[in-house]
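# Fold and contact review
In case you want the letters, here they are:
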Amino acid sequence: MFIHLGEDVVVQSRDVVGIFDWHAMEEAEITTEFLHRHSKDKLVEDIGGDLTKSIVITTDMVFLSPLSSLTLKRRAYTVSDSVETTIRGESS
C-alpha cells in the first residue's frame, strides 16, 4: 500500500520508518545534524518548503512534508487496517 506525503510524492507504507512533527523537532540539535548529514548525501526531499509540517523518514529518503504528522499517521493506520482486514478475509 502507499501513503501520499503531499505534492506528487507517494511512498510505500512498508518503507516508512517514522513520522515526526516538524514543529516539535525543528529546533533540536540532533534534528539539525540528522537533516544536514542526509542533505549532504542528497537524501532529503523538501516537498513542504516554507509549509513543512512533518518529517517522514523512509528506508531510502527523508521527506519534509506539508501535511501534518497526524494526517500522515492516520493515512498510515488506515492503510495498515485495510491490509489486516484483507489478510483476515473480511471485506470492506
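The rules behind these values
- Residues numbered from 1 in each chain as written.
- Predicted model: local features only at pLDDT ≥ 70, side-chain atom pairs only at ≥ 80, totals over all residues.
- Heavy atoms only, no water.
- Helix = DSSP H or I, 4+ residues; strand = E, 2+ residues; numbered from the N terminus.
- Buried < 20%, exposed > 50% of the residue type's maximum accessible area, 1.4 Å probe, protein only.
- Contact = heavy atoms within 4.5 Å.
- Areas by Shrake-Rupley, 256 points an atom, 1.4 Å probe, with all protein chains shown as cover.
- Pairing = 2+ DSSP bridges.
- Axes fitted to C-alpha atoms, helices over the stretch in contact; angles between N-to-C directions.

## Side note on the overall build of the protein chain
In terms of helices and strands, the protein chain carries 3 helices and 6 strands. Scanning the protein chain from its N terminus toward the C terminus, one meets helices and strands in the order β-β-β-α-α-β-β-β-α. Relative to its full complement of 92 residues, the protein chain shows a buried share of 29%. Nonlocal contacts in the protein chain, meaning residues at least 24 apart in sequence, comprise 50% of its contacts between residues at least 6 apart. When the accessible area of the protein chain is evaluated, it comes to approximately 6300 Å², of which 53% is carbon and sulfur surface.

## What about the sheet that holds strand β5 (residues 54-58)?
Pairing is mixed in the open sheet, where 4 strands are placed in the order β3-β5-β6-β4. With one partner strand each, in any of the chains shown, β3 (16-21) and β4 (44-46) form the two edges of the open sheet. Between one strand axis and the next, the sheet turns by 15 degrees as a mean value, whatever way the strands run. By the bridge criterion, 4 bridges tie β5 to strand β6 (residues 62-65) in an arrangement that is antiparallel. Across the sheet, residue S54 finds its bridge partner in β6, namely S65.

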